[in-house]
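# Architecture at a glance
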Amino acid sequence: METRIYVDGRVSDEAGAVVPVLDRGFLYGDSVYEVVRTAGGRPVDLAPHLDRLERSAERIGLGLPPRATIEGAVGETLGAAGAGAGRPGEAYVRVVVTRGGGEIGLDPRLADRPRLVVIVKPLAAPRPELYEQGCEVRVVSVERTSKRALDPAIKSGNYLNNILALDQARRSDAYEAVMCDAEGRVTEGSTSNLWCVRGGVARTPPVAVGILPGITRWRLLGLARDAGIPAEEVDLYPADLHAADELFLTSSIRGVLPIGKIDERAVPVGPVTRRLQALYDDFLAGVARG
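Residues numbered from 1 in each chain as written. Predicted model: local features only at pLDDT ≥ 70, side-chain atom pairs only at ≥ 80, totals over all residues. Heavy atoms only, no water.

## Focus: the pattern of salt bridges
Overall, the coordinates contain 24 salt bridges when judged by the stated rule. Between Arg 4 and Glu 2 there is a salt bridge; the shortest N-O distance is 2.9 Å. Judged by relative accessible area, which is 46%, Glu 2 ranks as partly exposed. In this structure, Glu 232 and Arg 203 form a salt bridge, with 2.6 Å as the shortest nitrogen-oxygen distance. Residue Glu 232 is located in strand 12 (residues 231–233), and its partner Arg 203 is located in strand 11 (residues 201–204); the two are separated by 29 residues in the primary sequence. Connected via shared salt-bridge partners are Asp 8, Asp 23, Arg 113 and Arg 115. (Salt bridge = Lys/Arg side-chain N within 4 Å of Asp/Glu carboxyl O. Buried < 20%, exposed > 50% of the residue type's maximum accessible area, 1.4 Å probe, protein only. Helix = DSSP H or I, 4+ residues; strand = E, 2+ residues; numbered from the N terminus.)

This is the structure in structure tokens:
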């Protein structure tokens, strides 16, 4: 598999993929995007991801190309990269729509037309030992952006809040950051949703606290419900994470990834996390089978 990039109808390699420097996605992060992975060469939960892309675009007043155009671009780029059903290796797929180019200025009405970009490259999953031993996370001082400023439910190209949070965590050699809101409630990681298990119940912060409603988070809530595993959306605080029996995070690329340490406290990778990992792996296997 090779990296291939679609820009406004043309697929090329990395060197040939060009976006003008006056594009508002480059200048201001004025864009929306989604990331999916493949399983058996088939995009995982592409429809819910594109539903969320449409919601994000609507929230910032950005007109998207027709869904059929986006789906076609994904398929074309996967094929050009040597990915797809029946082919070896899994792919990382990133769909980006910017507001386009035009005169420099913040006014969205200066934009000319939306620009569609699709990036396909080999999937780089976390190291196997992280799934066995768990990763390390750290509660950081960088607060999650307020819903009244820029709602985290909008998956936009404006990612500086997350970058600063992750940078603080990495300076302490942690794998992921844990961000809280102004009231001290746990929101999410820089690129993940967070979960804790206490007394056999899996808990994750509600969307209302100010998080991105993750597709893997949504999928896992359904899988847990169908399997009879208690799971709920409730307000959480750092103290809840520090007292948890188990911790894990979810994202489209990482699936269900255990947390083995938070701040200075070791956390066991327990039975609920293992069962949810297995359920999600079975789901991916079903996608791969078609």
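## Considerations on the packing of helix 6 (residues 215–227) against helix 8 (residues 271–289)
In a pair of packed helices, the angle between the axes and the distance between the axes together describe the arrangement. Contact geometry for helix 6 and helix 8: axes closest at 10 Å, N-to-C directions at 105°. In terms of their interaxial angle, helix 6 and helix 8 are classed as roughly perpendicular. Side by side, helix 6 and helix 8 meet where Thr 216, Arg 219, Leu 220, Leu 223, Ala 224 and Ala 227 of the first sit next to Arg 275, Leu 276, Leu 279, Tyr 280 and Phe 283 of the second. Taken together, the residues of the contact of helix 6 with helix 8 break down into eight nonpolar, one polar and two charged. (Axes fitted to C-alpha atoms, helices over the stretch in contact; angles between N-to-C directions. Parallel < 35°, antiparallel > 145°, perpendicular 65-115°, else oblique. Contact = heavy atoms within 4.5 Å. Nonpolar A, V, L, I, M, F, W, Y, C, P; charged D, E, K, R; others polar.)

## Quick notes on the packing of aromatic side chains
The full count for this structure, using the stated rule, is three aromatic pairs. Centre to centre, the rings of Trp 195 and Phe 248 are 5.2 Å apart; their planes meet at 15°, and the pair counts as stacked. Taken together, the residues Trp 195 in strand 10 (residues 193–198) and Phe 248 in strand 13 (residues 246–251) connect sequence positions 53 residues apart. When sorted by exposure, Trp 195 lands in the same class as Phe 248, which is buried. The ring of Tyr 92 has Lys 121 sitting right over it, with the charged end atom 4.9 Å from the ring centre. (Phe/Tyr/Trp six-rings, centres within 6.5 Å; stacked < 30°, edge-to-face > 60°. Lys NZ or Arg CZ within 6 Å of the ring centre and 35° of its normal.)

## Some details on the environment of Asp 151
Note on placement: Asp 151 falls in the loop between strand 7 (135–139) and helix 5 (160–170). Residues Asp 151 and Gly 210, spaced 59 residues apart in sequence, show a C-alpha to C-alpha distance of 6.7 Å. Not counting the four nearest positions on each side in its chain, Asp 151 is found in contact with Arg 59 and Ser 146. Side-chain polar atoms of Asp 151 contact the backbone nitrogen of Ala 153, separated by 3.0 Å. (Polar contact = N/O pair within 3.5 Å; in protein donor to acceptor, adjacent residues only side chain to side chain.)

## Section: the environment of Pro 43
Tracing the backbone through its elements, the reader meets Pro 43 in strand 4 (residues 42–43). Classification of Pro 43 as partly exposed rests on a relative accessible area of 26%. For Pro 43, the contacting residues outside a window of four places in its chain are Val 36, Arg 37, Thr 38, Val 74, Leu 78 and Val 287.

## As for the nonpolar core
Counting residues in each nonpolar core, the largest one holds 21 residues, and the members touching the most others are Leu 53, Leu 78, Val 93, Val 95, Leu 116, Val 118 and Val 120. Going through the elements one at a time, strand 3 (31–39), helix 2 (46–59), helix 3 (67–81), strand 5 (91–98) and strand 6 (115–122) are the ones with two or more residues in this core. With five residues, helix 3 is the largest single contributor of residues to this core. The next biggest cluster of nonpolar side chains, apart from the first, holds 18 residues, and it includes Ala 39, Trp 195, Leu 221 and Phe 283. (Core = buried A, V, L, I, M, F, W, Y, C linked by side-chain atoms within 4.5 Å.)

## A word on a nonpolar patch on the surface
Taken together, the side chains of Val 21, Leu 22, Phe 26, Leu 27 and Ile 104 present a nonpolar region at the surface, about 500 Å² in accessible area. Within the secondary structure, Leu 22 is located in the loop between strand 2 (10–12) and helix 1 (24–28). Overall, Leu 22 belongs to the partly exposed group, its relative accessible area being 39%. (Patch = residues over 30% accessible without salt bridge, like charges linked within 9 Å, V, L, I, M, F, W, Y side chains within 5 Å. Areas by Shrake-Rupley, 256 points an atom, 1.4 Å probe, with all protein chains shown as cover.)

## Looking at the environment of Thr 98
Locating Thr 98 in the fold gives a position in strand 5. Relative accessible area serves as the criterion here: at 7%, Thr 98 is assigned to the buried category. Residues in contact with Thr 98, not counting those within four places in the same chain, are Asp 23, Gly 25, Asp 30, Ser 31, Leu 62, Pro 114 and Arg 115. Looking at Thr 98, its side chain comes within polar contact range of the side chain of Asp 23, at 2.8 Å.

## Here we look at the side chain of Ser 252
With respect to the helices, strands and loops of the structure, Ser 252 is situated in the loop between strand 13 and strand 14 (255–262). Looking at Ser 252, the relative accessible area reads 16%, which means it is buried. Separated by 3.3 Å, the side chains of Ser 252 and His 49 make a polar contact. Each residue touching Ser 252, except ones within four places of it in the same chain, is listed here: Val 35, Arg 37, His 49 and Thr 216.

## Considering the pairing of strand 10
Within strand 10, five of the six residues are buried, which leaves the element mostly enclosed by the surrounding structure. Pairing geometry for strand 10 and strand 13, over five bridges, is antiparallel. If you follow Trp 195 over to strand 13, its bridge partner there is Phe 248. Note: strand 10 against strand 11, three bridges, orientation antiparallel. (Pairing = 2+ DSSP bridges.)

None of the figures reported here should be taken as evidence of function without further support.
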